[in-house]
Amino acid sequence: MSSPLIELRNIKKKYTTKAGDFPVLKGLNLDIEEGEFISIMGKSGSGKTTLLNILGLLDKFNEGEYIFRGEDITNFDENKKSDFRNRNIGFIFQQFHLIESLTIYQNIEIPLLYRSKESKEERKRKIKEKLSQVGLFEKRYSRPFELSGGQQQRIAIARALVTEPYLILADEPTGALDSETSEDIMELIKELNDDGKTIIMVTHDKDLRRYTTRDVFLKDGEFSEEETI
Ligand SMILES: Nc1ncnc2c1ncn2[C@@H]1O[C@H](COP(=O)(O)OP(=O)(O)OP(=O)(O)O)[C@@H](O)[C@H]1O
Ligand SMILES: [Mg+2]
């Protein structure tokens, strides 16, 4: 049997502040198989974003091991981490995080520019494909402020997909959208999962459980059987 996409072993994370040390994650163990769509739920302050940032190698942890496709990535240096992120992970955020001074096309091109091997033509083909997939190819010359919130999130999704990552990490992807637009975005994310993409999503919204294949709950720094939201 092949190994899981992700194995977290005894992950511990504390924040050190002037007031002292605050343990946030107290020894998390989690296996995630390719093709899962997982939500991470829990009360405000329970450590959901911290966990997602650790999964995305955006934040360090103090103890434990992180194995990705059988490879221990716990001790990667910053260069290897950036390269790893660019190759393997696509990010979607609540506030879209598009660059206002760039066109939609340029925003989606950014992750590809880190890869010297790709030609301009190759980039163009990939950007067109992903923009078409999210239904916004005709907006390629627009700028983010000319788009609605839902459209901006579609663009952010195209940007997350353009590198063909193994994993999509989404932190409250519908948190800034009205309920109708949220449904559209969730349908789109669900389609990605139906096509086989592994997705881990942080959310407060228990209604979104209808889209996921598994839900994990964080409470007091540990995974909880209790459904705390
Ligand atoms: N950089 C930091 N320095 C110190 N403490 C932090 C830092 N980031 C987060 N924390 C603390 O860690 C805990 C977990 O924060 P985190 O952002 O992961 O929670 P969350 O579950 O995502 O909450 P929310 O639902 O409100 O987004 C909180 O108590 C928070 O105050
Ligand atoms: Mg959060």
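Residues numbered from 1 in each chain as written. Chains lettered and ligands numbered in written order. Predicted model: local features only at pLDDT ≥ 70, side-chain atom pairs only at ≥ 80, totals over all residues. Heavy atoms only, no water.

In the annotation of an unreviewed UniProt entry, the chain is listed under the name ABC transporter ATP-binding protein and assigned to Anaerosalibacter massiliensis. The record held by UniProt for the chain lists under Sequence similarities (unreviewed entry) the comment "Belongs to the ABC transporter superfamily." (UniProt positions renumbered as here; feature names shortened; annotations may be inferred.)

## Overview of the nonpolar core
One finds Ile108, Ile155 and Ile157 to be the most contacted residues of the largest nonpolar core, which totals 32 residues. Only helix H3 (104-113), helix H4 (120-133), helix H5 (149-161), strand S7 (167-171), helix H6 (179-194) and strand S8 (198-202) provide two or more residues apiece to this core. With six residues, H5 is the largest single contributor of residues to this core. With residues near it in sequence (within four places) discarded, Ile155 still touches Leu98, Ile104, Ile108, Leu131, Leu136 and Leu147. Residues Leu28, Ile54, Ile89 and Phe91 belong to the second largest nonpolar core, which totals 30 residues. (Core = buried A, V, L, I, M, F, W, Y, C linked by side-chain atoms within 4.5 Å. Buried < 20%, exposed > 50% of the residue type's maximum accessible area, 1.4 Å probe, protein only. Helix = DSSP H or I, 4+ residues; strand = E, 2+ residues; numbered from the N terminus. Contact = heavy atoms within 4.5 Å.)

## Side note on the site of ligand 1
Near ligand 1 you find Tyr15, Thr17, Val24, Lys43, Ser44, Gly45, Ser46, Gly47, Lys48, Thr49, Thr50 and His204, and these make up its full shell. Between Thr49 and ligand 1, the recorded distance is 2.8 Å, taken from a side-chain N or O atom to an oxygen atom. Within the side chain of Thr50, an N or O atom sits 2.5 Å from an oxygen atom of ligand 1. Bound to the protein, ligand 1 loses 57% of the 640 Å² it would expose on its own. When residues of the shell around ligand 1 are traced back to their parent elements, those giving at least two are strand S1 (6-17) and helix H1 (48-55). Here the shell around ligand 1 takes three residues from H1, the largest share from any one element. (Near = heavy atom within 4 Å. Polar contact = N/O pair within 3.5 Å; in protein donor to acceptor, adjacent residues only side chain to side chain. Areas by Shrake-Rupley, 256 points an atom, 1.4 Å probe, with all protein chains shown as cover.)

## Comments concerning the environment of Tyr211
For Tyr211, the location among the structural elements is in the loop between S8 and strand S9 (214-219). Once the C-alpha coordinates of Tyr211 and Glu187 are considered, the two residues, 24 residues apart in sequence, prove to be 8.1 Å apart. The contact partners of Tyr211, leaving out residues within four places of it in the chain, are Phe37, Glu183, Met186, Glu187 and Lys190.

## Details of the packing of H3 against H5
One can describe the packing of H3 onto H5 by two numbers: an axis separation of 8 Å at closest approach and a directional angle of 30°. As far as their axial angle goes, H5 and H3 are roughly parallel. Judged by the twist between their axes, the crossing of H3 over H5 is right-handed. Counted together, Ile104, Asn107, Ile108 and Pro111 of H3 and Ile155, Ala158 and Arg159 of H5 form the full contact between these two elements. (Axes fitted to C-alpha atoms, helices over the stretch in contact; angles between N-to-C directions. Parallel < 35°, antiparallel > 145°, perpendicular 65-115°, else oblique. Left-handed = near helix turned anticlockwise from the far one by under 90°.)

## A closer look at H6
For H6, with 16 residues, the first-to-last C-alpha span of 22 Å sits near the 22 Å given by 1.5 Å per residue. Regarding H6, the residues found buried are Thr181, Ser182, Ile185, Met186, Leu188, Ile189, Leu192 and Asn193. Projected onto a plane normal to the axis of H6, the buried residues spread over an arc of 155° and lie on a single side. The exposed residues of H6 that point more than 90 degrees off its buried face are Ser179, Glu180 and Asp194. Among the residues of H6, the N-terminal cap falls to Asp178, whose side-chain oxygen and the backbone nitrogen of Glu180 are separated by 3.2 Å. Of the residues one or two after H6, Gly196 is the one with positive phi, at around 110°. (Expected span 1.5 Å × (residues − 1). Arc of directions from axis to C-beta.)

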